[in-house]
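# Observations on the model geometry
Residues per chain are reported as follows:
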Amino acid sequence: MSLDFLGNLQRTDLCGTLRAADAGKHVVLMGWVNRRRDHGNLIFLDLRDRSGISQIVLDAELCPEGHKKGEQVRPEYVVAAVGKVRLRAKDAINPKMPTGEIEIEATELRVLNDTRLAPFSPAEDAIQNEEVRLKYRYVDMRRPEMQRNFKLRHEITLAIRDNLSQQGFLEIETPILTKSTPEGARDFLVPSRVHPGEFFALPQSPQIFKQILMISGFDRYFQIARCFRDEDLRADRQLEFTQVDLEMSFPRREDVFGVVEKFLQAGFAAAGVDLPVPFPRISYDESLRQYGTDKPDLRLPGLVDVRAAFTDEQLATLQIDPALPVVAFRIPNVGELSRKEREDNHPLFDLKKGAKFIDDFKRLAKGFPESAVKVRELAGASDADFVIIVAGDPAHHIKASDTKFPGRLSEREINVYAAAGNFRSELAKKYADRHGAFKVTEEVVAAAQSRADAGLVNGSKAFQPIWLTDFPMFEYDLAAGKWVPAHHPFTAPYEADMANLVSDPASVRADCYDLAMNGLELGSGSIRIHRKDVQQQIFASLGISDEEARQRFGFFLDALEYGTPPHGGIALGLDRIVMLLAGAANLREVIAFPKTAKAIDLMADAPTTVTEQQLKELHIRVALKS
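Presented here is a report on the structure given in the accompanying data block. Quick caveat: nothing in here was measured; it's all calculated off a predicted structure.

Quick look at the overall build of the protein now. Regarding its fold elements, the protein presents 20 helices and 23 strands. When the backbone C-alpha atoms are referred to their principal axes, the protein occupies close to 90 × 75 × 55 Å. Among the 626 residues that make up the protein, the fraction classed as buried is 49%. When contacts within the protein are restricted to residue pairs at least 6 apart in sequence, those whose partners lie at least 24 apart make up 69%. Accessible area of the protein: about 31,100 Å², with a carbon and sulfur share of 51%. Of the charged side chains in the protein, 81 are positive and 91 negative, and the gap between their average positions amounts to 3 Å.

Bringing the pattern of salt bridges into the picture now. One pass over the structure, following the stated rule, counts 38 salt bridges. Where Arg37 meets Asp46, a salt bridge forms, and the shortest distance between an N and an O atom there is 3.2 Å. Glu108 is the partner of Arg110 in a salt bridge, and the nearest nitrogen-oxygen pair spans 2.7 Å. The class for Glu108 is partly exposed, based on a relative accessible area of 30%. One salt-bridge network, held together by shared partners, links Arg133, Arg137, Asp140, Arg143, Glu145 and Glu589.

Counting 53 residues, the largest nonpolar core has Phe329, Ile331, Phe357, Phe386, Val390, Leu427 and Phe539 as the members making the most contacts within it. The element that contributes the greatest number of residues to this core is helix 12 (residues 411-430), accounting for 7 residues. Apart from residues no more than four positions distant in its own chain, Phe329 is found in contact with Gly302, Leu303, Phe386, Val387, Ile388, Val390, Ala420, Phe423, Arg424 and Leu427. If you look at the next biggest cluster of nonpolar residues, it comprises 42 residues, including Leu264, Leu515, Met517 and Leu520.

This paragraph deals with unusual backbone geometry. Residue Pro278 is bonded to the preceding Val277 through a cis peptide linkage, with omega at 0°. Here Pro278 shows up in the loop between strand 11 (273-274) and strand 12 (281-283). Residues Ala606 and Pro607 are joined by a peptide bond in cis, for which omega reads 5°. By the element assignment, Pro607 lies in the loop between helix 19 (574-582) and helix 20 (612-617). The backbone phi angle of Glu76 is positive, close to 80°, even though this residue is not glycine. As for its position among the elements, Glu76 is in the loop between helix 1 (64-70) and strand 4 (78-87).

Calculation notes
- Residues numbered from 1 in each chain as written.
- Predicted model: local features only at pLDDT ≥ 70, side-chain atom pairs only at ≥ 80, totals over all residues.
- Heavy atoms only, no water.
- Helix = DSSP H or I, 4+ residues; strand = E, 2+ residues; numbered from the N terminus.
- Buried < 20%, exposed > 50% of the residue type's maximum accessible area, 1.4 Å probe, protein only.
- Contact = heavy atoms within 4.5 Å.
- Areas by Shrake-Rupley, 256 points an atom, 1.4 Å probe, with all protein chains shown as cover.
- Lys, Arg positive; Asp, Glu negative; His and termini not counted.
- Charge placed at Lys NZ, Arg CZ, Asp CG, Glu CD.
- Salt bridge = Lys/Arg side-chain N within 4 Å of Asp/Glu carboxyl O.
- Core = buried A, V, L, I, M, F, W, Y, C linked by side-chain atoms within 4.5 Å.

Following this line, the structure appears as structure tokens:
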């Protein structure tokens, strides 16, 4: 068929905005054909744009030329419809559509473009093959769910940006091409054409630059920053990502918490969620004891110490190490697992070696009825709850130090708690449909679709933020035989622990903090080192020589000598925030053009090889391993 030009035709309304009050209005709508239904003299087109869908009626008598074109159009053709809004007959009203009370009686139809047959239709409810979706991302993002996700992302970002501005922060951009200063992950390197053999790096974060902005006197900085890390991908991780980055001068830790809670409250409100503040706090050690992880999900009950339910003789019979924790957790409303379910879950037992699991509670109750009752009492479990016990395996020995650090847990204790925490998290995900703890996102999505009608959703159950504090400053690397930083080397230690930097590094606490929500780490931050002598002490305690420090961070060390104020900040993952609020399963649902788990952009077909001429200009030769 021949295509039409747009000419002077101008769109008057969006497809999803018309209502019964618009009856009689002359409109011009433009968009994609979502569905087409041919009833002979009447052809119905569902016309879609980002706002929603309106039904177009092509009557062979009232609009013969448009009706003839309507016979030839197919889904995803781009058309413009001219006509009048009219009320539908009562028996034709569609209550599932916001525009379901009206339709457009067309007087003209222009076909602006046709389409190739796509491997899937945006009108489909679910598309299983994610690789096909990513290959044809421009078609995938026409789907209402994706349109909703990115509208939501825009509104959350705008609310956060406005709130930080109201709190006195200035938005300042930092470089994308910078010096390679590895922060734990691999850098993406960019060869310099004008400086042969030398490289820029893409920033893993704006860390050093935002600290320099504090030295520069800007007092409060923020940025919706693009960051890059060459690391393995997961559901909650991409090679390039966006973070809400901020830094402030003269803060206490509580000041940073207050700023973050305010802008998150604003961002969540933009998504229809009431996020209560202040957020609860927990120390790193207590988080391990209560949840078995440093990113706890508070929507489920935590770990409970049930050692008191057993005698030493019973523990010996059960082959449980009495010197290690004996903990239990419950998953509400799951009940007992069947034998097949227990067998299906057996691979989860290997999440942490050295731990022993008791998941057959009926069998335990037969051998130790009083202990089984006591465990359920201590765990606060009803008959409808699934309970599992996790303890230490006396047959497994760890070569790491088993000595408790002052105020710290031993490696073997951490092993038991981590095993319980991992198992708790995996079982909760697996049986979410049975215990209902994770179904609340449906309410949030409903609120995001129609905020004006839905109002704010109570976020006290749907989203559970928590601050984690009192992290260890160092970790011992057994392979290297030395202490290594648990955080980036610009993190300040607690002032009270400074004297122990060399003599007792295990006891030194970092003045840093994480924000977790629903089992995800949303962000990390710290009070920074603002004195050069302290920074040199930290480098020395890490075995970083003056020469190495000068080579890696020389410009920053110079800046520290020019009146650096006390300062601190944080960075939160914007992609993760939107993922939670959209109820999405992974980050790819809220990033416009993401990479696959194999670090490939299927749509753009990247990465690819480049020409020999390009390599020659960059003074690079590629040597592939055979």
